[in-house]
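Chain by chain, the residues run as shown.
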Amino acid sequence: MATGALPTARPASGFRFDRGLAIQSLVALITLGLVVLPLLPVLYQAFLDRPLYDAEAAFSIGNFARLASTPRFGGIMLNTAYFAVLATVVAQVLGVISAILIGRTDLPGRAFFGEMLLWPLFLSHLVLAFGWFTMYGPSGYVTLFVKGLVGVEPWNLYTVTGMGVVAGIAQAPLAYLYCIVSARTADPSLEDAARSVGANPWRILVSVTLPLMRPAIIYGTIMNFVIAIEMLSIPLVFGGPVQIELFTTYLYHEVFGQSTPDYSLVAAASFVMLALVIGLMALQGRLMRDSGRFVTVGGKASRPRRFALGPWKWVAFAGLMIYVVFGIVVILGGLILRSFTVLLSPLMPIWNLFTLANYEVIAAYPVYARSIWNTIAIAGIGSLVGTVLIAMIAIVANRSAFPWRRQLEYLAVLPRAIPGFIAGIGIFYAMGLFPPLGWLRNTIWLLMIAYIMRYLPTGFGAISPALAQLGADLDRSARTVGADWWRTSRSIVLPLLSPALFSCFALLFIHFLKEYVTAVFLFAPGSEVIGTTMLQFWINGDNGPVSALASIQILITVVFVYTARKLLGVKIYG
């Protein structure tokens, strides 16, 4: 009797359309297309001896041999490795120390420091690089001021070491973000046990607290190393004038510095970089495999005891304040001040240099104003579309019986290993490889697609944990009254996910607002964004309009973050 009731026993005419399976398949196909879109053309072009749109192109591995035989390639790789290692070390040391001081000690002003350290995460590296250039460059305000006091130039950022230090300070907030939660939730019973056997605070910190933070430190180290490798702005701003090349600036100059770009060589270099980043991500996964050994949060309520620093707390306070003032406040304040002056120099009174000409230049030319509106449109519409897609991916991967749901989840986090400039180059190639997509060329819609693909893992990370907290009983209850998968997802799951959806939208908006690396390879007249326009101003030596555009981007970011956090209660970065 039971067998006769199964759908498979019914004749072919009894076929029923499963809208749940249809929607799940559509979501999976869209995700597959988004992720494959930039990867396939890069991999294909890397093994062709001519541009992929050339009908006579043939398979070849000669591109890799030519890349290895490039005279300056060895130096570029060494520069990149040194830059990435130095930036990672500086970022991790500053970030871990800040997390411990704010999360585990009685440091005065912990809330203030915790808030200030998050703000660089809301801004692009391009804005931070221009801020450093304005204040600490050879003609920077602080550089000239100190030089006037001591008689010699105090530092030189136009070196790989200088660039590495700048990148490390800029990335320290990310290391702090990864470590602060781990520091705050360290198991107090382990530290109390160490105290009971006479261990002093320093010994407890080194022997108990730091080892418990090992997963966060490893994760932050790998992520900062990957970000340093794919960083374009700081090597371009400080290395470009003295012809110091890193991997990203090498690709940038190969594409934009040649009358006829060598697309095969660029694709081969991108392939090498992609393999390196994927290898680092695999290493990260391997190192994090035993992270369960470091679980310290259980069902038993506990409150970690803060380390008493005694008189040293004022030393720590001064050290952290120096970092906040000179690493964040001075560069952002100086950049805004520069936007209202003809030039910024300690040798001349600032009040004699005030002007609105930098903003008038932006307002006078439609192309500059258009870059602002394009950026806002991409951030607003793109974030909305991205949030809808990511929510559907998360629901299919976590709350459905879709046969390939696990593969879909892996696909959604794969773009984390695709650097922004490779995504840009790959989609640029895709326009030649897939002619039906040609209508997207030179439009902001292409940038939206690229941005959504690039930040799929960011949005997925905001929604997936919230989805995991919803009990499966909700789904089963809906099914018992006849609701199918889509009705259950639409009427029960999605409304309960509203806070996570708002967080996802806010995160995507901020990332889309500050993104420029992907856009560098894709923008055209009519689809400019703030980042690409700032780069064009900087290449032409117009530092005033660069500062004005950067200040406008900072203002938009501040207004959005304040509105999202204070008025709407959206959580951004924790």
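Keep in mind it's a predicted model, so treat the numbers as computed, not measured. (Residues numbered from 1 in each chain as written. Predicted model: local features only at pLDDT ≥ 70, side-chain atom pairs only at ≥ 80, totals over all residues. Heavy atoms only, no water.)

Enquirer: I keep staring at the packing of aromatic side chains and nothing clicks. Help me out?
Expert: What describes a pair of aromatic rings is the distance from one ring centre to the other and the angle between the planes of the rings. Taken as a whole, this structure holds 24 aromatic pairs when the rule is applied. Summarising the aromatic geometry, the rings of Phe-73 and Phe-247 are spaced 6.2 Å apart at their centres and angled 70° between planes, so their arrangement reads as edge-to-face. Here Phe-247 lies in helix H12 (residues 247-256) and Phe-73 lies in helix H3 (residues 73-104), a separation of 174 residues in the sequence. When sorted by exposure, Phe-73 lands in the same class as Phe-247, which is buried. These aromatic residues form a ring-pair network of at least three members: Phe-47, Phe-59, Phe-64 and Phe-271. (Phe/Tyr/Trp six-rings, centres within 6.5 Å; stacked < 30°, edge-to-face > 60°. Helix = DSSP H or I, 4+ residues; strand = E, 2+ residues; numbered from the N terminus. Buried < 20%, exposed > 50% of the residue type's maximum accessible area, 1.4 Å probe, protein only.)

Enquirer: Even after reading the chapter, I still don't get the side chain of Thr-88, so can you show me in this structure?
Expert: Note that Thr-88 resides in helix H3. In this structure Thr-88 comes out as buried when scored by relative accessible area, which is 5%. Of note is the side chain of Thr-88, whose polar atom sits 3.4 Å from the backbone nitrogen of Phe-225. Setting aside anything within four residues of it in sequence, one finds Thr-88 in contact with Thr-221, Asn-224 and Phe-225. (Polar contact = N/O pair within 3.5 Å; in protein donor to acceptor, adjacent residues only side chain to side chain. Contact = heavy atoms within 4.5 Å.)

Enquirer: Explain the environment of Ala-269 to me, please; I cannot follow it from the model alone.
Expert: Tracing the sequence through the fold places Ala-269 in helix H13 (residues 263-287). Assessed through its relative accessible area of 0%, Ala-269 is described here as buried. Separated by 223 residues in sequence, Ala-269 and Ala-46 place their C-alpha atoms 8.1 Å apart. Ala-269 has contacts with Leu-67, Phe-247, Tyr-250 and Leu-251, leaving out every residue within four places of it along the chain.

Enquirer: Got a minute to help me understand the packing of helix H25 (residues 530-539) against helix H26 (residues 543-567) in this structure?
Expert: Packed helices, taken two at a time, are described by their axes: the angle between them and the distance between them. Following both chains from N to C, one finds H25 and H26 inclined at 160°, their axes separated by 8 Å at the closest point. Judged on the interaxial angle alone, H26 and H25 are roughly antiparallel. Taken as a pair, H25 and H26 cross one another with a handedness that is left-handed. Contacts from Ile-530, Thr-533, Met-534, Phe-537 and Trp-538 in H25 reach Asn-543, Pro-545, Val-546, Leu-549, Ala-550 and Gln-553 in H26. Partitioned by chemical class, the residues of the contact of H25 with H26 number eight nonpolar, three polar and no charged. (Axes fitted to C-alpha atoms, helices over the stretch in contact; angles between N-to-C directions. Parallel < 35°, antiparallel > 145°, perpendicular 65-115°, else oblique. Left-handed = near helix turned anticlockwise from the far one by under 90°. Nonpolar A, V, L, I, M, F, W, Y, C, P; charged D, E, K, R; others polar.)

Limitation: the analysis is restricted to geometry and does not speak to function.
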